[in-house]
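Geometric and topological summary
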Amino acid sequence: MQTPTLITAALAVFAALTGAAQAEGNARNGEAIYERYCAACHGADATGDGPMQAVLTVRPTDLTALSAGNDGVFPMGRVVKRIDGRDPLVAHGSPMPIYGDFFQGQDAALKTESGQPIITSTPVTDLIAYLEGLQTR
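Residues numbered from 1 in each chain as written. Predicted model: local features only at pLDDT ≥ 70, side-chain atom pairs only at ≥ 80, totals over all residues. Heavy atoms only, no water.

Our focus in this paragraph is the packing of aromatic side chains. Each aromatic ring pair is described using two quantities: the centre-to-centre distance and the angle formed by the ring planes. Overall, the coordinates contain two aromatic pairs when judged by the stated rule. Here the aromatic rings of Tyr-34 and Tyr-130 are separated by 5.6 Å at their centres, their planes lie at 45°, and the arrangement is tilted. Of this pair, Tyr-34 sits in helix H2 (residues 27–37) while Tyr-130 sits in helix H5 (residues 122–134), placing them 96 residues apart in sequence. Since its relative accessible area comes to 1%, Tyr-34 is described here as buried. Taking the relative accessible area as the measure of exposure, Tyr-130 reaches 13% and is therefore buried. Here Tyr-37 and Phe-103 contribute two aromatic rings whose centre-to-centre distance is 5.3 Å and whose plane-to-plane angle is 70°, an arrangement assigned as edge-to-face. Remark: Phe-103 occurs in the loop between strand S3 (94–96) and strand S4 (108–111) and Tyr-37 occurs in helix H2; sequence separation between them is 66 residues. Given the relative accessible area of 13%, Tyr-37 is considered buried. (Phe/Tyr/Trp six-rings, centres within 6.5 Å; stacked < 30°, edge-to-face > 60°. Helix = DSSP H or I, 4+ residues; strand = E, 2+ residues; numbered from the N terminus. Buried < 20%, exposed > 50% of the residue type's maximum accessible area, 1.4 Å probe, protein only.)

Here it is as structure tokens:
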């Protein structure tokens, strides 16, 4: 079994080798990103009741319950892939997200719930930091 110190060190080495920064994310920036790109569908309180939900073919996820729906663990890898488009969700005829390359990139690394690193963009790390803070217990 790997210790958290070894995982953290491995993530740092991986980030260094790929040129990605190890990121914690800035929740304040993430909140602004959420308000601009996510609230129309997921709602101002992130519970899935945004004003656009009526025209979507798939009901928006309650983003405050991601950890609760995953045995109390924030599903970092799945959420990153959904946001940056690696795991697209078809809603209203187009993949989610529908914001072009804003969320795409490889300038930051996050540690997933399994301890494995995932490379993504700084806007995604910021949004993840914000979403983690919204989780209900």
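Okay, back to it.
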